[in-house]
Amino acid sequence: MLDRKGHDARLLASASRAQRRDRTSWQTSPTEDPALAGGILDINLKALTDNWRHIRDMQSTARVAAVVKANAYGLGLLPVADALWAEGCRSFFVALPQEGEDLKAHLPQAEVYVLSGLPRGEAGHFHEHDLIPVLNSWEEIEEWAAYNARHELRLPAAVHVDTGMNRLGLDADEARRLAGHEGLLRNFRLSLLMSHLACADMPGHEMNRRQKALFDEIRALFPSVPTSLANSAAALAWPDWDHELARPGIALYGGNPFSDRPNPMRPVVTLYATVLQVREVKRGESVGYGATWKAKEDSRIAILGLGYADGLFRCIADARSGPAHVYVAGQFAPYVGRISMDLAAVDVSAIPPQSLERGMRAEIMGPHVGVDELAHWAGTISYEILTSLGPRFTRLYTAS
Ligand SMILES: *Cc1c(COP(=O)(O)O)cnc(C)c1O
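Here the structure is a predicted model, which is why all the values come from computation and not from measurement.

Notes on the overall build of the protein chain
And step 1. Across its full length, the protein chain holds 13 helices and 19 strands.
And step 2. Considering only C-alpha atoms, the protein chain reaches an extent of 80 × 50 × 40 Å along its principal axes.
And step 3. Looking at the 400 residues of the protein chain, the share that counts as buried comes to 49%.
And step 4. Look at the contacts in the protein chain between residues 6 or more apart in sequence, and 66% of them connect residues 24 or more apart.
And step 5. For the protein chain, the accessible area works out to roughly 19,200 Å², and carbon and sulfur atoms hold 51% of it.
And step 6. Charge separation in the protein chain, taken as the distance between the mean sites of 42 positive and 48 negative side-chain charges, equals 2 Å.

Here it is, written out as structure tokens:
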């Protein structure tokens, strides 16, 4: 089966399945030994489950799922899912089938929805791995229904209705048509009707009201089907919504789900870099590539073993929204010069020399430097900071 670019879809599929088997072999594994680590990523699973429970306890009717796509926003799919499962979370959303397979292999009892939908011809694969597709188009619904009919099954699926975001999902007219389409609905179990808000991070935005109203109109046509609309921000802003399932992601991981108010969540992630060297830089000398930073007076600079290959965005060093800084020896120290691939420099002139030494840790983000603050310096959002965290860190999972 050749696609428009002339690729043989089946060949590509089998190639990627073969590669999958040894996909750890092409990557240097991070060391287990913190003393040898370039960076240390401390993931506080207690803070994670506190955040999940906080949202769960607020909801008047909704059960609370967890969105764990993109390796649980960079924090590690399996440890995150384990901790949430132990806390009572039973439903998970991933983006890709492979993420779902990894999760099901580990937690076979989990209910796993795959947000990116049903790839052409892969209904059997979803069936085999007990994955629940989020059907995003009429074509996907027909394909799922046909597979079920052919095999005399009635497997569950979610249907995603687009209520204004224009990303994935049936449009409102298709959703109305589906409600009257006995022939299709008979063939599979519609286990969830869902939609997604474009502007939940700004609860006052009028788009929220419009999307909610349209979704309410559509779900009334599917009276016995459980529904889901809320991401993190919506679950926190409107906990009284009478839906069956909330789908928070970022709030679990400590990012601020709102763009217009303080963060109600506990921080989960602390990233440390190691001080490799402290050096004197004379007035007029420069630091780093491009000699973009020049010392206005004699300075002391600490070189940290972490760079853009680790997800420390190169653009934070010349942030107009800065100055961006780290937290080291109990004080803030601003970045100077360009971020390199594996290294970054910070000005520690204000810190007493005796309180700095090689091998110390500097907090890149954590309790003193918020993930949202770091994101702000980089001109992005916490989601991108977390999902850009590199593979080289020693990841420590703690629970306090
Ligand atoms: C990513 C995603 C979520 C979670 O959003 P957060 O803002 O991280 O809470 C929920 N629903 C859908 C459809 C998503 O793609």
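Now that the structure has been shown, we can carry on.
Re the site of the ligand
And step 1. As a structural note, the neighbourhood of the ligand is formed by 14 residues, with Lys69, Tyr73, Ser232, Ile250 and Tyr383 the closest of them.
And step 2. In this structure, an oxygen atom belonging to the ligand sits 2.9 Å away from a main-chain N or O atom of Gly249.
And step 3. With respect to the ligand, the backbone of Ile250 contributes an N or O atom lying 2.8 Å from an oxygen atom.
And step 4. Within the complex, 93% of the 390 Å² of free accessible area of the ligand lies under protein.
And step 5. The residue makeup of the shell around the ligand, split by class, is seven nonpolar, four polar and three charged.

Focus on the confidence of the model for the protein chain
And step 1. In the predicted model, the protein chain carries a mean pLDDT of 92, and 92% of its residues have values of at least 70.
And step 2. Low pLDDT (under 50) marks residues 18–25, which in the prediction has four contacts with non-local residues, meaning those over four places away or in another chain.

Remarks on the packing of aromatic side chains
And step 1. Tallying each qualifying case throughout the model produces six aromatic pairs.
And step 2. Judged by centre distance (6.0 Å) and plane angle (35°), the ring pair of Tyr73 and Tyr383 falls under tilted. On the criterion of sequence distance, the pair formed by Tyr73 in helix 3 (residues 69–73) and Tyr383 in helix 13 (residues 382–387) is long-range, its members being 310 residues apart.
And step 3. Residue Tyr383 is classed as partly exposed on the basis of its relative accessible area of 30%.
And step 4. With centroids separated by 5.0 Å and ring planes inclined at 15°, the aromatic side chains of Phe93 and Tyr113 adopt a geometry described as stacked.

Observations regarding the sheet that holds strand 7 (residues 156–160)
And step 1. Read across the sheet, seven strands follow the order 3-4-5-6-7-8-9 without closing on themselves; strand pairing throughout is parallel. Edge positions in the sheet fall to strand 3 (66–67) and strand 9 (227–228), since each of these pairs with one other strand and no more.
And step 2. Pairing geometry for strand 3 and strand 4 (residues 91–94), over two bridges, is parallel. Across the sheet, Val67 pairs through a bridge with Phe93, a residue of strand 4.

Notes on the packing of helix 8 (residues 172–179) against helix 10 (residues 206–219)
Each pair of packed helices can be described by the angle between their axes along with the distance between the axes.
And step 1. Between helix 8 and helix 10, the least distance of the axes is 10 Å, while the angle of their chain directions is 15°. Judged on the interaxial angle alone, helix 10 and helix 8 are roughly parallel. In this structure, the crossing between helix 8 and helix 10 has a hand that is right-handed. Residue-level contacts link Ala172, Ala175 and Arg176 of helix 8 to Leu214, Glu217 and Ile218 of helix 10.
And step 2. The class makeup of the residues in the contact of helix 8 with helix 10 is four nonpolar, no polar and two charged.

Notes on the side chain of Ser228
And step 1. Here Ser228 is to be found in strand 9.
And step 2. Separated by 3.0 Å, the side chains of Ser228 and Arg247 make a polar contact.
And step 3. Discounting chain neighbours no more than four positions away, the residues touching Ser228 are Leu192, Leu193, Met194, Ser195, Phe215, His243, Leu245 and Arg247.

A closer look at the domain arrangement of the protein chain
A common way to report how large an interface is uses the accessible area buried once the components associate.
And step 1. Domain assignment breaks the protein chain into domain 1 (8–36 + 268–398) and domain 2 (45–253).
And step 2. Distance between the C-alpha centres of domain 1 and domain 2: 34 Å.
And step 3. Listed per partner, the contact involves 13 residues of domain 1 and 19 residues of domain 2.
And step 4. Buried area between domain 1 and domain 2, both sides added, is near 1,300 Å², and the carbon and sulfur share of it is 58%.
And step 5. Across the contact surface, domain 1 and domain 2 share zero salt bridges.
And step 6. Put simply, domain 1 and domain 2 have three residue pairs in polar contact (both at pLDDT 80 or more) between them.
And step 7. Among the elements that make up the side of domain 1 that touches domain 2, the one with the highest residue count is helix 13 (four residues).
And step 8. Broken down by class, the residue content of the side of domain 1 that touches domain 2 amounts to six nonpolar, three polar and four charged.

Definitions and limits used
Residues numbered from 1 in each chain as written. Predicted model: local features only at pLDDT ≥ 70, side-chain atom pairs only at ≥ 80, totals over all residues. Heavy atoms only, no water. Helix = DSSP H or I, 4+ residues; strand = E, 2+ residues; numbered from the N terminus. Buried < 20%, exposed > 50% of the residue type's maximum accessible area, 1.4 Å probe, protein only. Contact = heavy atoms within 4.5 Å. Areas by Shrake-Rupley, 256 points an atom, 1.4 Å probe, with all protein chains shown as cover. Lys, Arg positive; Asp, Glu negative; His and termini not counted. Charge placed at Lys NZ, Arg CZ, Asp CG, Glu CD. Near = heavy atom within 4 Å. Polar contact = N/O pair within 3.5 Å; in protein donor to acceptor, adjacent residues only side chain to side chain. Nonpolar A, V, L, I, M, F, W, Y, C, P; charged D, E, K, R; others polar. pLDDT = per-residue confidence, 0-100. Phe/Tyr/Trp six-rings, centres within 6.5 Å; stacked < 30°, edge-to-face > 60°. Pairing = 2+ DSSP bridges. Axes fitted to C-alpha atoms, helices over the stretch in contact; angles between N-to-C directions. Parallel < 35°, antiparallel > 145°, perpendicular 65-115°, else oblique. Left-handed = near helix turned anticlockwise from the far one by under 90°. Domains from an automatic or database assignment. Buried area = accessible area lost by both parts, 1.4 Å probe. Salt bridge = Lys/Arg side-chain N within 4 Å of Asp/Glu carboxyl O.

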